[in-house]
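Commentary on secondary and tertiary structure
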Amino acid sequence: MGTGVLKRYKDLLPITPSTPIFSLGEGETPLITAPRLAEKIGCKELYFKFEGCNPTGSFKDRGMVVAVAKAMEEGSKRIICASTGNTSASAAAYGAYCGLESWVVVPKGNIAMGKLAQALMYGTRVIAIEGNFDEALSIVRALVKSSPITLVNSVNPYRIEGQKTAAFEIVDELGKAPDMLCIPVGNAGNITAYWRGFVQYCKLGKSGSTPMMLGFEAAGAAPIVEGRVIESPQTVASAIRIGNPASWQGAVQARDESGGIIDSVTDEEILESYHTLASDVGVFGEPASAASLAGLFKLARGGTMDLSSKSVVCVVTGMGLKDPDTALKTRADIIETPAELEAVRNALGL
Ligand SMILES: *Cc1c(COP(=O)(O)O)cnc(C)c1O
């Protein structure tokens, strides 16, 4: 046991005697039960795996700690990534901890304010391109071919390895795998990682089954659902605004091997679940994170699957505070009054 995924899951990660072991406190995130919402949806048990509780506020930290540890082991001095925001925050933090130089390439004007603030505060060099995430990723992939820099996007296999630990934690806590796992899909690294984690745990005899994997893309950025690359993906959920996922095959494999689905949810559905998650469960995720609950609602509405005997885990991938703009734009009902008791009493309808 101990703090951090490197220590806790040492035997299940690609760690050698020369891999440095360190942690910013990633992993061991809460699995929150939501009985009232479970009843509303009509499933037996509902849990939210709140990955916003990681040190930089997203699940990216699980994979980043492994990727950066391996970069250190290999003697690398610099790391680079393309990012819709959270990967850059995570790379910057772990890079800072290890004294590595870090560079991030982001789509200009399209990254949430909190994420940009994180990357800048951790002391990374931020390059904003006049293009989207997919273009940023192809640029950094080309850069690392000709320069000695470690790429820490999820095409780095250590990222996926580290992210598997979230699946381990769910099984460790529930004592078995849930029947279904709902997860947002952007670059598709995370759904790939969870599936590998569940399969590995099953093979090790730590769970008797694997869950049905239910992945959800945003409707304006749904390459896997539509079966084609989306040239200019659009969605309010910036963390999954991706038109050509690097782990496309991994996602398809997770879907097919688990008997699951990959579907899409509209921005309207995402925002509705974003609000429901915060106001009915007390979990403030970022917009992309709400795609998992939006997908579960869609599935329940569709009525094609009997959920009444199912335990469901929805992954809440990142923290809502990262994107205060979307919160304040969609919830503006502040009542202003003079600083007088009567005025406040009236405003409260007392
Ligand atoms: C990265 C990210 C996703 C998408 O994960 P992929 O592995 O790219 O599919 C979803 N939500 C948040 C908050 C993220 O940071």
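The structure under discussion appears in the preceding block.
Please read all numbers here as calculations on a predicted model, not as lab measurements.

**A look at the environment of Gly4**
Mapped onto the elements of the fold, Gly4 is located in the segment before α1 (5-8). Taking the relative accessible area as the measure of exposure, Gly4 reaches 4% and is therefore buried. For the pair Gly4 and Ile21, spaced 17 residues apart in the sequence, the C-alpha separation amounts to 9.0 Å.

**Regarding the sheet that holds strand β9 (residues 261-265)**
Backbone-to-backbone hydrogen bonds pair the strands of a sheet. The strands run either parallel or antiparallel. Spatial ordering of the open sheet is given by β1-β2-β10-β7-β8-β9, a layout of six strands whose pairing is mixed. Two strands lie at the open edges of the sheet, namely β1 (31-33) and β9, each paired on one side alone. Taken pair by pair, the neighbouring strands of this sheet meet at an average axis angle of 25°, ignoring direction. Of the strand pairs in this sheet, strand β8 (residues 212-218) and β9 are connected by five bridges, and their pairing is parallel. Of the residues in β9, the one forming a bridge with Ala218 is Val265. Packed on one face of the sheet, helix α12 (residues 267-281) meets β1, β2 (45-50), β8, β9 and β10 (311-316) and runs near 95° to β9.

**Considerations on unusual backbone geometry**
The phi dihedral of Glu28 is positive, around 50°, even though this residue is not glycine. With respect to the helices and strands, Glu28 occurs in the loop between α1 and β1. With a phi close to 75°, Ala188 is a non-glycine residue in the positive phi region. Summarising the element assignment, Ala188 is placed in the loop between β7 (180-184) and α9 (189-203).

**Thoughts on the packing of helix α8 (residues 165-174) against α9**
Packed helices, taken two at a time, are described by the angle their axes make and the gap between the axes. Look at α8 against α9: their axes get within 7 Å of each other, and the N-to-C directions meet at 50°. One way to sum up the angle between α8 and α9 is to call them oblique. Viewed along their axes, α8 and α9 form a crossing whose handedness is right-handed. Here α8 contributes Ala166, Ala167, Phe168, Ile170, Val171 and Asp172 to the contact with α9, which in turn contributes Tyr194, Gly197, Phe198, Gln200 and Tyr201. Of the residues in the contact of α8 with α9, the class split is eight nonpolar, two polar and one charged.

**A look at helix α5 (residues 113-121)**
Every buried residue of α5 is listed here: Gly114, Lys115, Gln118 and Ala119. Angular distribution of buried residues about the axis of α5 spans 135°; they occupy a single face of the element. Opposite the buried face of α5, by more than 90 degrees, sit the exposed residues Leu120 and Met121. Along its buried surface, α5 packs onto α4 (86-98), β5 (125-129) and α14 (324-330). Following α5 by one or two positions, Gly123 has its phi on the positive side, about 85°.

**A word on the side chain of Thr165**
Relative to the helices and strands, Thr165 resides in helix α8. Its relative accessible area of 0% is what places Thr165 among the buried residues. Apart from residues no more than four positions distant in its own chain, Thr165 is found in contact with Val5, Tyr9, Leu13 and Arg62.

**Looking at the site of the ligand**
Near the ligand, the surroundings consist of 16 residues, among which Lys60, Asn86, Asn187, Ala188 and Thr317 are the closest. Contacts to the ligand include Gly186, whose backbone N or O atom sits 2.8 Å from an oxygen atom. Side-chain polar atom of Thr317 to a nitrogen atom of the ligand: 2.7 Å apart, as the coordinates give it. In isolation the ligand offers 380 Å² of accessible surface; the protein chains occlude 97% of this area. Considering only residue class, the shell around the ligand consists of six nonpolar, eight polar and two charged.

**Quick notes on the nonpolar core**
By size, the foremost hydrophobic cluster in this structure holds 51 residues, and its most contacted members are Val68, Leu181, Ile191, Tyr194, Phe198, Met213 and Ile224. Ranked by residues supplied to this core, first place goes to helix α3 (residues 60-73) with seven residues. The two domains that each donate at least three residues to this core are domain 1 (5-58 + 159-330) and domain 2 (60-155). If we skip the residues at most four places from it in the chain, Phe198 touches Ala167, Ile170, Val171, Ala177, Pro178, Leu181, Ser207, Thr210, Pro211 and Met213. Counting 36 residues, the second largest nonpolar core, distinct from the first, contains Leu37, Cys43, Ala237 and Ile240.

**A closer look at the packing of aromatic side chains**
Going through the model one piece at a time under the given rule, you end up with five aromatic pairs. Between Phe22 and Tyr97, the aromatic rings sit 5.6 Å apart at their centres with planes inclined by 25°, giving stacked as the arrangement. With Phe22 in the loop between α1 and β1 and Tyr97 in helix α4, this residue pair connects regions lying 75 residues apart in the sequence. The buried category is assigned to Phe22, whose relative accessible area is 10%. Plain terms: the ring middles of Phe168 and Tyr201 are 4.5 Å apart, the flat faces sit at 15° to each other, and that makes the pair stacked. Linking Phe168 in helix α8 with Tyr201 in helix α9, this pair joins segments that are 33 residues apart in sequence.

How each quantity is defined
Residues numbered from 1 in each chain as written. Predicted model: local features only at pLDDT ≥ 70, side-chain atom pairs only at ≥ 80, totals over all residues. Heavy atoms only, no water. Helix = DSSP H or I, 4+ residues; strand = E, 2+ residues; numbered from the N terminus. Buried < 20%, exposed > 50% of the residue type's maximum accessible area, 1.4 Å probe, protein only. Pairing = 2+ DSSP bridges. Axes fitted to C-alpha atoms, helices over the stretch in contact; angles between N-to-C directions. Contact = heavy atoms within 4.5 Å. Parallel < 35°, antiparallel > 145°, perpendicular 65-115°, else oblique. Left-handed = near helix turned anticlockwise from the far one by under 90°. Nonpolar A, V, L, I, M, F, W, Y, C, P; charged D, E, K, R; others polar. Arc of directions from axis to C-beta. Near = heavy atom within 4 Å. Polar contact = N/O pair within 3.5 Å; in protein donor to acceptor, adjacent residues only side chain to side chain. Areas by Shrake-Rupley, 256 points an atom, 1.4 Å probe, with all protein chains shown as cover. Core = buried A, V, L, I, M, F, W, Y, C linked by side-chain atoms within 4.5 Å. Domains from an automatic or database assignment. Phe/Tyr/Trp six-rings, centres within 6.5 Å; stacked < 30°, edge-to-face > 60°.

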